[in-house]
Amino acid sequence: MSKVRSAQSATKDRARPIDHQTAHEIQGYGHITRLPIALSEKTAAQSVENLNQVLADTMTLRDMYKKHHWQVAGPTFYQLHLLLDKHYEEQNELVDTIAERIQSLGGISLAMAADVAETTIIPRPPRGREEPPVQISRLLHAHEIILEEAHSMARQAADAGDDGTNDLLVSDLIRLNEKQVWFLSEHLVDVPLVKAD
Ligand SMILES: [Fe+2]
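Residues numbered from 1 in each chain as written. Predicted model: local features only at pLDDT ≥ 70, side-chain atom pairs only at ≥ 80, totals over all residues.

Q: Please set out the overall build of the chain residue by residue, giving values where relevant.
A: Counting its regular elements, the chain contains six helices and zero strands. The N-to-C order of helical and strand elements in the chain reads α-α-α-α-α-α. Its C-alpha atoms give the chain a radius of gyration of 23 Å, clearly above 16 Å, the size a compact globule of 197 residues would have. By its C-alpha atoms, the chain is 95 × 45 × 25 Å across when sized along the principal axes. Expressed as a percentage of the 197 residues in the chain, the buried residues total 27%. In the chain, the share of contacts with a sequence separation of at least 24, taken over all contacts with a separation of at least 6, comes to 76%. (Helix = DSSP H or I, 4+ residues; strand = E, 2+ residues; numbered from the N terminus. Rg over C-alpha atoms; globule rule 2.2 N^0.38 Å. Buried ≥ 20, exposed ≤ 12 C-beta atoms within 10 Å, placed from the backbone. Contact = placed C-beta atoms within 7 Å.)

The following block contains the structure:
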């Protein structure tokens, strides 16, 4: 091969993406990488385990909001369609906050749907469409499951000295879930629409 042709070939090869690469994982799921955050490995591991549970449940609740946003029916379609999507967006932001807290603790956050489905304790809804009161009841039940576990996880984090995790659970997760429960619950109050009783 001439010098010119070999230079042309080298230039061409340098632009070729090196795809289909594989290698071993750099950190196994369930293992903690120690970071200089002044928390013991035991404390970080306990928080990571709790946060991955509440992450899986939050991702499930988030996705249930989108399901109901798409599938809602009836005279209140428009307001529920918009409200359910607003709650979806807020839960989606919370998912990112929880996942990044797990990484900050040196853990590995759950990410993929199959792993989330195996982990969540929220009952699986049917694929078909349901009436709005049933959709809302399902969402309220999921919120309560998450709030119940979050209260106990927040206390555990506080007792272990993991103030960051305690703060996330209380200030971000518990407060958001309580507010969304209020907004949903008011839709199940049976008051007259036009003529007072
Ligand atoms: Fe939409």
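Q: Describe the packing of helix α3 (residues 77-104) against helix α6 (residues 163-185), naming the residues involved and giving the relevant values.
A: Interhelical geometry of α3 versus α6 gives an angle of 170° and a closest axis separation of 11 Å. For the element pair α3 / α6, the angle class is roughly antiparallel. Between α3 and α6, the residues in contact are L83, H87, E90, L94, T97 and R101 and G164, T165, L168, D172, L173, L176, Q180 and F183, respectively. Looking at side-chain class alone, the contact of α3 with α6 contains six nonpolar, five polar and three charged residues. (Axes fitted to C-alpha atoms, helices over the stretch in contact; angles between N-to-C directions. Parallel < 35°, antiparallel > 145°, perpendicular 65-115°, else oblique. Nonpolar A, V, L, I, M, F, W, Y, C, P; charged D, E, K, R; others polar.)

Q: Could you give an account of the environment of A154, with specific residues and numbers?
A: Following the sequence through the fold, A154 ends up in helix α5 (residues 132-160). With 22 C-beta atoms counted inside 10 Å, the residue A154 sits in the buried group. For the pair formed by A154 and E49, sequence separation is 105 residues and the distance between their alpha carbons is 13 Å. Residues contacting A154, with those up to four places away along its chain left out, are N166, L169, V170 and I174.

Q: Please provide a residue-by-residue account of the nonpolar core, values included.
A: Within the largest apolar cluster, 33 residues are counted, with the highest numbers of intra-cluster contacts made by V54, L55, I98, I102, A150 and L169. Contributions of two or more residues to this core are made by α2 (41-71), α3, α5 and α6. With ten residues, the top contributor of residues to this core is α2. When sequence neighbours within four positions are dropped, the list of residues in contact with V54 reads I98, I146, E149, A150, M153 and L173. (Core = buried A, V, L, I, M, F, W, Y, C linked by C-beta atoms within 7 Å.)

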